[in-house]
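# Descriptive analysis of the structure
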Amino acid sequence: ATEIVSALWRAAVDISGDPAICMVGARAPKPGNFNVVGFAMLSSHNLYAALKSFSRYMRLVSDAAQIELDEIDDAVRVKFHLFGGRTPIPRQRLEFDLLVILTFCRWVSGRAVKPLRTRMMRPTCAYSDRLAEAFDCPILFDSKYDGFVFSRRDLDEPLPAANPMIAKVHDNVVQQRLAVFDGVSVSVRVRDELARRLVEGEPRRSLIAEALHLSDRTLRRR
């Protein structure tokens, strides 16, 4: 599926002739776009807690992405990992995803959250000025990871819709969804991966686990 999404992005760029098409429609996300995880984020105490929830439950939103939070001094690095499968990921797809995440952070917080900087592993591009304007912060290209660096103080600001009771309800719903999802999703993905690899001989479990970005132990458990 992730290869198909990348193919669609390449087609969109070719058909539109606009290499900056990543900025079209990326600035109007709503909680529903993030499944029930979006509502859990919305009722979180602050943006840091919301991003932690997003990181913990990301696989309900996408099985091709992960978010990792890394604290350093008075800043928080939000690292975004996108898996492209067997084909390269178009930069527009990555830029769109990063902009959607940032826009959603601004939406749930009700303010113009501004990263200290945005980091991208890709080299600079012809529309880098437009990207910097959209992200409203410096962009460091050729970085070691894709994502953001936020001020911890900025992430600790309370969210306007914060509600501990509602947050607990959302968390319970997410946990239930996750239990069902892990059982069904992994079995379907394993079956698809086995079918693709049968022409190459008997598939090894370790290779299946690697293809699904799971440890061998996690794959056996699920």
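On to helix α3 (residues 47–56). Buried residues of α3: Leu47, Tyr48, Ala50, Leu51, Ser53 and Phe54, and no others. Looking at the buried positions of α3, the neighbouring elements they touch are α2 (35–42), β1 (65–72), β2 (75–82), α4 (91–109) and α6 (152–155). The opening residue of α3 is asparagine 46, an N-cap whose side-chain oxygen sits 3.2 Å from the backbone nitrogen of tyrosine 48.

Moving on, we come to the packing of aromatic side chains. Counting across every chain of the model gives four aromatic pairs. When the centroid spacing of 6.1 Å and the interplanar angle of 50 degrees are considered together, the rings of phenylalanine 135 and phenylalanine 148 count as tilted. Here phenylalanine 148 lies in strand β5 (residues 146–151) and phenylalanine 135 lies in helix α5 (residues 128–135), a separation of 13 residues in the sequence. An aromatic cluster is built from Phe135, Phe148 and Phe150, whose rings are joined through pairwise contacts. Against the face of tyrosine 145 rests lysine 79, its NZ or CZ located 5.2 Å from the ring centre. In this structure, arginine 152 packs its charged tip against the face of tyrosine 48, placed 3.8 Å from the ring centre.

Within the chain, aspartate 136 stands out as a residue other than glycine whose phi angle is a positive 55 degrees. Relative to the elements of secondary structure, aspartate 136 occurs in the loop between α5 and β4 (139–140). The exposure class of aspartate 136 is partly exposed, given its relative accessible area of 37%. A positive phi is found at aspartate 142, a non-glycine position, where the angle reads about 55 degrees. Its place among the elements puts aspartate 142 in the loop between β4 and β5.

Conventions we followed
- Residues numbered from 1 in each chain as written.
- Predicted model: local features only at pLDDT ≥ 70, side-chain atom pairs only at ≥ 80, totals over all residues.
- Heavy atoms only, no water.
- Buried < 20%, exposed > 50% of the residue type's maximum accessible area, 1.4 Å probe, protein only.
- Helix = DSSP H or I, 4+ residues; strand = E, 2+ residues; numbered from the N terminus.
- Contact = heavy atoms within 4.5 Å.
- Polar contact = N/O pair within 3.5 Å; in protein donor to acceptor, adjacent residues only side chain to side chain.
- Phe/Tyr/Trp six-rings, centres within 6.5 Å; stacked < 30°, edge-to-face > 60°.
- Lys NZ or Arg CZ within 6 Å of the ring centre and 35° of its normal.

Everything listed here is a matter of coordinates, which is why it stays silent on function.
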